[in-house]
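Below, each chain spelled out in residue letters.
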Amino acid sequence: MSQPRHFVDLWALDGATLRAILDDAHRRKAARAGWTQGRVDADAPAAGRTLAMIFERNSTRTRFSFDAAIRQLGGAGIISTSADMQLGRGETIEDTARVLSRMVDAVMLRAARHDTIEALAQAATVPVINGLTNKSHPCQILADLMTLEAHRGPLAGKTIAWVGDGNNVCASYLHAAGKLGFALNIATPPEYAPDGMDLARAVEAGGRITLTDDPRAAVAGADCVVADTWVSMGDIDYDERLAALGPYQVDDALMDLAGPKAMFLHCLPAHRGEEVTDAVLEGERSLVWDAAENRLHAQKSILAWCFGAF
Ligand code: CP
Ligand code: NVA
């Protein structure tokens, strides 16, 4: 039996595959202009297929975009929290994988721990998609990059500045940088720097990565400034994080140091007055709502790729 096409981490996929997914997403989005959200794409690449969606953590965007995505592709979805499953009472992820593989055509999981999704992918005989773990959030990055290239053109040669916590979303930017040809400047306090393995992988993949503790240096000349919450799901050191990350707030003064056409992205949910000011989030440079919409379009193409449509 051939190996299922898992979408667990961007570093495991080649640049051509990422490019093909992004191109398909742009095409599908354009083809739907003016359509109602429930109408099925003309080619219905998931017709006859079912997607299971499992959540160990809260979600708005990932939950609704995946459910809408599988419907727009002509398939069906089943959503559950892990707490409602026997998984929540101690059944192993491997046994869950074997059972679900006999009932559905793909599984999307939002996991508290990254090793849970790795174990799921190892044991499943259908594609497994990462809907966020403590270590990465690859679906988010494809939606962000889709938004950047729709508004600013080709990614190659662009500079993206990540400001704040070197977290799971930052890790997926690192995984994508070398493969898609953008430079990545990361500004974090040293104690919240990205994982060393992710940095090493990014450089190995040809990424042009700069790490600094100075947000002003990171954003200088950037095409895009990205922020995320200072306290991710599962983080418990709330007070320490707020104290260390205070100087990393993205405000208009920081945006002004980036290029005149620099855009602002945030995966959401946002904490206005912490990692970003209300003025930046609601300002003309913010494309956060487009990026949130693009979760739907990018994930449709991730699903279509997992199902072998291209
Ligand atoms: N950006 C994102 O993944 O949002 P949710 O947590 O609402 O899914
Ligand atoms: N870094 C955040 C992203 C939420 C979508 C978290 O993991 O909570």
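Each remark here, short or long, concerns the structure printed above.
Okay, so let's go over this structure. The residue numbering used here restarts from 1 in each chain and proceeds along that chain's sequence as written. Chains carry letters from A onward and ligands carry numbers from 1 onward, assigned in written order. In keeping with the model being predicted, local features are shown solely for residues with a pLDDT of at least 70 and side-chain atom pairs are shown and tallied solely at 80 or more, while totals for entire chains, interfaces and linings include all residues. Water and hydrogen atoms play no part in the side-chain values, which are based on all heavy atoms of the structure.

## A few points about the pairing of strand β6 (residues 183–187)
Only protein chains enter the accessibility calculation, which uses a 1.4 Å probe; a residue whose area is less than 20% of its type maximum is buried, one above 50% is exposed, and one in between is partly exposed. Going along the chain from the N terminus, every DSSP run of H or I of four or more residues is numbered as a helix, and every run of E of two or more is numbered as a strand. Among the five residues of β6, five are classified as buried, and the element is accordingly described as predominantly covered. Direction of pairing for strand β5 (residues 159–163) relative to β6: parallel, over a ladder of five bridges. Residue pairing across strands places Trp162 opposite Ile186, the latter belonging to β6. The handedness rule is simple: strands pointing away from the viewer, and a clockwise path from the first strand over the helix to the second, make the crossover right-handed. Each parallel crossover has a hand, and for β5 linked through helix α6 (residues 168–180) to β6 it is right-handed. At least two bridges found by DSSP between two strands is the condition for calling them paired. Strand direction decides the pairing type here: β6 and strand β7 (residues 208–212), joined by five bridges, are parallel. The residue bridging Leu184 from the neighbouring strand is Ile209, located in β7. As a crossover connection, the stretch from β6 through helix α7 (residues 196–204) into β7 is right-handed.

## Some points on the site of ligand 2
Here a residue is near a molecule or strand as soon as one of its heavy atoms is found within 4 Å of it. Near ligand 2, the surroundings consist of Leu132, Asn167, Asn168, Asp228, Thr229, Ser232, Met233, Cys267 and Leu268. Polar contact is the term for a pair of N or O atoms within 3.5 Å; when the atoms are in protein, one must be able to donate a hydrogen and the other to accept it, and sequence-neighboring residues count only if both atoms are side-chain atoms. Asp228 has a polar side-chain atom sitting 2.7 Å from a nitrogen atom of ligand 2. In this structure, a nitrogen atom belonging to ligand 2 sits 2.7 Å away from a side-chain N or O atom of Ser232. To measure how exposed things are, a 1.4 Å probe is used in the Shrake-Rupley method; for residues, cover is taken only from the protein chains shown. Protein contact buries 93% of the 270 Å² of open area that ligand 2 shows by itself.

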